[in-house]
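Read off the chains here:
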Amino acid sequence: MESETFPEELADALVGIQRLIRRRLRRGRPLPRLRGAEVELLRLVESRPGIGISDAAKELYLAGNSVSTLVNRLVKDGYLLRETDPADRRAARLLLTDSAAQRLADWRRRRSELVAGQVSRLDEADQEALRAALPALRRLAVALHEEAEET
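Bear in mind that the values here come from a model prediction, so they are computed numbers and not experimental data.

Definitions and limits used
- Residues numbered from 1 in each chain as written.
- Predicted model: local features only at pLDDT ≥ 70, side-chain atom pairs only at ≥ 80, totals over all residues.
- Heavy atoms only, no water.
- Helix = DSSP H or I, 4+ residues; strand = E, 2+ residues; numbered from the N terminus.
- Buried < 20%, exposed > 50% of the residue type's maximum accessible area, 1.4 Å probe, protein only.
- Contact = heavy atoms within 4.5 Å.
- Areas by Shrake-Rupley, 256 points an atom, 1.4 Å probe, with all protein chains shown as cover.
- Lys, Arg positive; Asp, Glu negative; His and termini not counted.
- Charge placed at Lys NZ, Arg CZ, Asp CG, Glu CD.
- Expected span 1.5 Å × (residues − 1).
- Axes fitted to C-alpha atoms, helices over the stretch in contact; angles between N-to-C directions.
- Parallel < 35°, antiparallel > 145°, perpendicular 65-115°, else oblique.
- Left-handed = near helix turned anticlockwise from the far one by under 90°.
- Nonpolar A, V, L, I, M, F, W, Y, C, P; charged D, E, K, R; others polar.
- Salt bridge = Lys/Arg side-chain N within 4 Å of Asp/Glu carboxyl O.
- Core = buried A, V, L, I, M, F, W, Y, C linked by side-chain atoms within 4.5 Å.

Visitor: Kindly report on the overall build of the protein, identifying the contributing residues and their values.
Guide: A tally of regular secondary structure across the protein gives six helices and two strands. Taken along the three principal axes of its C-alpha coordinates, the protein extends 55 × 40 × 20 Å. Looking at the 151 residues of the protein, the share that counts as buried comes to 23%. Restricting to contacts in the protein with at least 6 residues of sequence separation, those with at least 24 account for 54%. Here the protein displays about 10,700 Å² of accessible surface, and carbon together with sulfur accounts for 53% of that area. Placing the 27 positive and 25 negative side-chain charges of the protein at their respective mean positions leaves the two points 9 Å apart.

This is how it looks when you write it as structure tokens:
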């Protein structure tokens, strides 16, 4: 019976942790608040400067018009620059602003401090169990990513 509920329990735990981290990081932050998809897009642009909107949509598994809406909001809020692609004047290339880079660095620092603080409250056995689970969780993420690319 336990093996039947494990996938659901794992998914619920991961989603719950992510939701709680996101909520805690939003507290006391300056407006405008960034939504999860906005942060994901900013992180993607940070790792792949100059990425186009359609490539970003594919990478994030979102519709192109959804990414366009996110881009418009982030440009308006001063977090993204949209430049014309010299190779294809119809396409846009996305770049982070200094403000976005600073906000992402602050987000990473705060997230790391939050998680480190909570992990340190666990006993050594739980901390070691989490460390030991990281490789399997990374492989699970890769498998999910690869499967999504196939569909």
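Visitor: Talk me through helix H2 (residues 36-47); I want residue IDs and the actual numbers.
Guide: Residues spaced three or four apart along an α-helix point in a common direction, a consequence of the helix completing one turn every 3.6 residues. Look at H2: 17 Å from first C-alpha to last across 12 residues, which is about the 16 Å you get at 1.5 Å a residue. Those residues of H2 that fall on the buried side of the exposure criterion are Glu38, Val39, Leu41, Leu42, Leu44 and Val45. Contact partners of the buried residues in H2: helix H3 (53-60), helix H4 (64-76), strand E1 (80-85), strand E2 (88-96) and helix H5 (98-120).

Visitor: I'd like a description of the packing of H2 against H5, backed by residues and values.
Guide: Contact geometry of H2 with H5 gives a least axis separation of 11 Å together with a crossing angle of 110°. With respect to H5, the axis of H2 lies roughly perpendicular. The two elements H2 and H5 cross, and the hand of that crossing is left-handed. Across the interface between the two elements, Val39, Leu42, Arg43 and Glu46 of H2 pack against Ala100, Leu104, Trp107, Arg108 and Arg111 of H5. Class assignment of the residues belonging to the contact of H2 with H5 gives a composition of five nonpolar, no polar and four charged.

Visitor: Let's hear about the pattern of salt bridges: which residues, and what values?
Guide: Scanning all chains against the criterion turns up 11 salt bridges. The partner of Arg93 in a salt bridge is Asp85, with the nearest N and O atoms 2.6 Å apart. Classification of Arg93 by relative accessible area gives partly exposed; the value is 25%. For Asp85, a relative accessible area of 10% gives the class buried. Among the ionic pairs, Arg110 bridges to Asp106, the shortest N-O distance being 4.0 Å. Here the residue Arg110 and the residue Asp106 both occupy positions in helix H5, the gap between them amounting to four residues, near one helical turn. Arg110 gets classed as buried once you look at its relative accessible area, which sits at 15%.

Visitor: Could you give me a rundown of the nonpolar core, with the residues and numbers involved?
Guide: Counting 25 residues, the largest nonpolar core has Leu41, Leu42, Val67, Val71, Leu74 and Leu80 as the members making the most contacts within it. Put simply, the parts of the chain that give this core at least two residues each are helix H1 (2-26), H2, H3, H4, E2 and H5. If one sorts the elements of this core by residue count, H2 sits on top with five residues. Those residues in contact with Val67 that sit more than four places away from it in its chain are Leu41, Ile53, Ala56, Ala57 and Leu62.

So far we have only geometry, and geometry alone does not tell us how the molecule works.
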